[in-house]
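# Overview (structure and organization)
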Amino acid sequence: MGQLLPQEGWLNLELHCHLDGVGPSDRHPDLAQVLLSVPPPEEPSGCDPRADVLADYISRVMEMGAGLEEIETELPGRGEQYRHLAEALVPWLVDVPRREVKDAWNRGYETGRRRADGP
């Protein structure tokens, strides 16, 4: 049966990517597992420390605790895939709070406008 998930607090995310597959989650029976392809980063910088940290985090999640260095010795090239994903996601993740604030402001503005217009 699985644990009941909270009904509140979920965030909606808009991603512009290629959907490669959808199926039942192997981690929770009430969720879906989605496989996405993101475009390559516009400029391969390799120097953004946020991308390095995110790539290591992705590696540890996907490889059951193994960091980038360990993965590179066991599976050459896999770490580069995680770096590629992190470099594509960092700009999007940095922009998320700005979009959320703008959307929240717009919702508040519209609600205030409706109240001002009356019933």
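Summary of the structure given here. (Residues numbered from 1 in each chain as written. Predicted model: local features only at pLDDT ≥ 70, side-chain atom pairs only at ≥ 80, totals over all residues. Heavy atoms only, no water.)

### Quick look at the pattern of salt bridges
One pass over the structure, following the stated rule, counts three salt bridges. Glu-63 is paired through a salt bridge with Arg-78; the nearest N and O atoms lie 2.7 Å apart. Linking Glu-63 in the loop between helix H1 (49-62) and helix H2 (68-74) with Arg-78 in helix H3 (residues 78-117), this pair joins segments that are 15 residues apart in sequence. (Salt bridge = Lys/Arg side-chain N within 4 Å of Asp/Glu carboxyl O. Helix = DSSP H or I, 4+ residues; strand = E, 2+ residues; numbered from the N terminus.)

### Thoughts on the layout of surface pockets
Approximately 1200 Å³ is the volume attributed to the largest pocket. Around the largest pocket, the lining is made up of 26 residues, and of these Val-34, Leu-35, Leu-36, Met-62 and Leu-85 lie nearest the centre. Among the secondary structure elements, those contributing two or more residues to the lining of the largest pocket are strand E2 (32-37), H1 and H3. Top contributing element to the lining of the largest pocket by residue count: H3, with seven residues. Taken together, the residues that form the lining of the largest pocket break down as 18 nonpolar, five polar and three charged. (1 Å grid on protein atoms, 1.4 Å probe; cavity = no way out; pocket = protein on both sides within 12 Å on 5 of 7 lines; lining within 4 Å. Points joined across faces, edges and corners; volume = space filled by probe spheres on them. Nonpolar A, V, L, I, M, F, W, Y, C, P; charged D, E, K, R; others polar.)

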